[in-house]
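Chains, contacts and geometry: an overview
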Amino acid sequence: MPKLTRIHVPKSCDVLAAELRKRIIDGEFRNGDALPVERELVLQTGLSRSSVREALRILETEGLVQTKPGRYGGTVVNLPSAELLAGQVNLFVRGRRIARQEIITAREAIEPALARLAALNRDAQDLAELDRISIALEAAMDDLPRFLEENANWHLAIAVASHNEILCAFMKSITHLILDSTEVEDVTSEDVRKMVIQAHRNVLLAIEQGDADAAQRRMARHVVAYSKRLEPVLS
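Here is a short report on the structure shown in this document. Keep in mind it's a predicted model, so treat the numbers as computed, not measured.

Scanning the protein chain for helices and strands turns up 10 helices and 2 strands. Across the protein chain, helices and strands are ordered from the amino to the carboxyl terminus as α-α-α-β-β-α-α-α-α-α-α-α. Taken over the C-alpha trace, the protein chain has a radius of gyration of 24 Å; the compact-globule value for 235 residues is 18 Å, which it surpasses by more than 25%. Across the 235 residues in the protein chain, those meeting the buried criterion constitute 37%. Here the protein chain displays about 14300 Å² of accessible surface, and carbon together with sulfur accounts for 53% of that area. The averaged location of the 34 negative side-chain charges in the protein chain is 7 Å from the averaged location of its 31 positive side-chain charges.

Okay, the layout of surface pockets next. Empty space among the atoms becomes apparent when a probe as large as a water molecule is rolled across them. Its boundaries defined by the atoms lining it, the largest pocket holds a volume of some 280 Å³. Sorting the residues of the lining of the largest pocket by element identifies helix H4 (82-95), helix H7 (144-162) and helix H8 (165-182) as the ones contributing at least two each. The element best represented in the lining of the largest pocket is H8, accounting for 4 residues. Residues of the lining of the largest pocket, tallied by class, amount to 7 nonpolar, 3 polar and 2 charged.

Turning our attention to helix H3 (residues 49-61). End to end, H3 covers 18 Å across 13 residues, agreeing with the expected 18 Å (1.5 Å per residue, within 8%). Ser51, Val52, Ala55, Leu56, Ile58 and Leu59 are the residues of H3 that are buried. End-on, the buried residues of H3 take up no more than an arc of 155 degrees, which puts them together on one face. Turned more than 90 degrees off the buried face of H3, the exposed positions are Ser50 and Thr61. In the core, the buried residues of H3 are packed alongside helix H1 (12-25), helix H2 (38-45), strand S1 (65-68) and strand S2 (74-77). Immediately beyond the C-terminal end of H3, within one or two residues, lies glycine 63, with a positive phi of roughly 80 degrees.

Let's shift gears to helix H9 (residues 190-208). With 19 residues, H9 ought to run about 27 Å at 1.5 Å a step, and its terminal C-alpha atoms sit 27 Å apart, in line with that. Inspection of H9 places Val192, Arg193, Val196, Ile197, Ala199, His200, Val203, Leu204, Ala206 and Ile207 among the buried residues, and these make up the whole buried set. Taken from the residues just after H9, glycine 210 is the one with a positive phi, measuring 70 degrees.

Thresholds, definitions, all that
Residues numbered from 1 in each chain as written. Predicted model: local features only at pLDDT ≥ 70, side-chain atom pairs only at ≥ 80, totals over all residues. Heavy atoms only, no water. Helix = DSSP H or I, 4+ residues; strand = E, 2+ residues; numbered from the N terminus. Rg over C-alpha atoms; globule rule 2.2 N^0.38 Å. Buried < 20%, exposed > 50% of the residue type's maximum accessible area, 1.4 Å probe, protein only. Areas by Shrake-Rupley, 256 points an atom, 1.4 Å probe, with all protein chains shown as cover. Lys, Arg positive; Asp, Glu negative; His and termini not counted. Charge placed at Lys NZ, Arg CZ, Asp CG, Glu CD. 1 Å grid on protein atoms, 1.4 Å probe; cavity = no way out; pocket = protein on both sides within 12 Å on 5 of 7 lines; lining within 4 Å. Points joined across faces, edges and corners; volume = space filled by probe spheres on them. Nonpolar A, V, L, I, M, F, W, Y, C, P; charged D, E, K, R; others polar. Expected span 1.5 Å × (residues − 1). Arc of directions from axis to C-beta. Contact = heavy atoms within 4.5 Å.

Here is the structure:
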């Protein structure tokens, strides 16, 4: 006689979470919209209060909703942000003990493409922000912590100027990891800082002129040169 295979019945909270997740992603519930209150969800779905609460907890863990306590609180749609991605990538890198060299390699792969896109897509506001950060960076020549922070800000501003949300979100996710990797002795000397400033000027000039090829080439040269400075430390 043929045998039946084991049947796996999903938990009711997972079913509700999947339904709400789909509606959020499809745009039925927009960012900032309030979901039906817990009592209403219980009435609409016929599920228990505990199942509804667990479904909302799942969505909150995923970064899709935010629950506000209190009399006038509730559950509000909160679409994933670059900051959420940054936190997840940070946990991924640290949890799996990914080598610093891999972070540098990822930077070499993504930043020249971002510079190219910035040259093609930047607007007046992007250029003004890059100019502002460049001035702040040069003013921080003798203040190493501030210099490193403004350097990270400059590279992030290039990503923003690319107007590519996916690449920008990924760049934001590794910015702090890059900043951590720059806090290494012997790679942030005064000579290196001067080289960084000149490289930034060259890249920014190409972006201002809308020269995508030059922006990509100069950024590639810049990040590779930095990687070579790190080789003795990482080996």
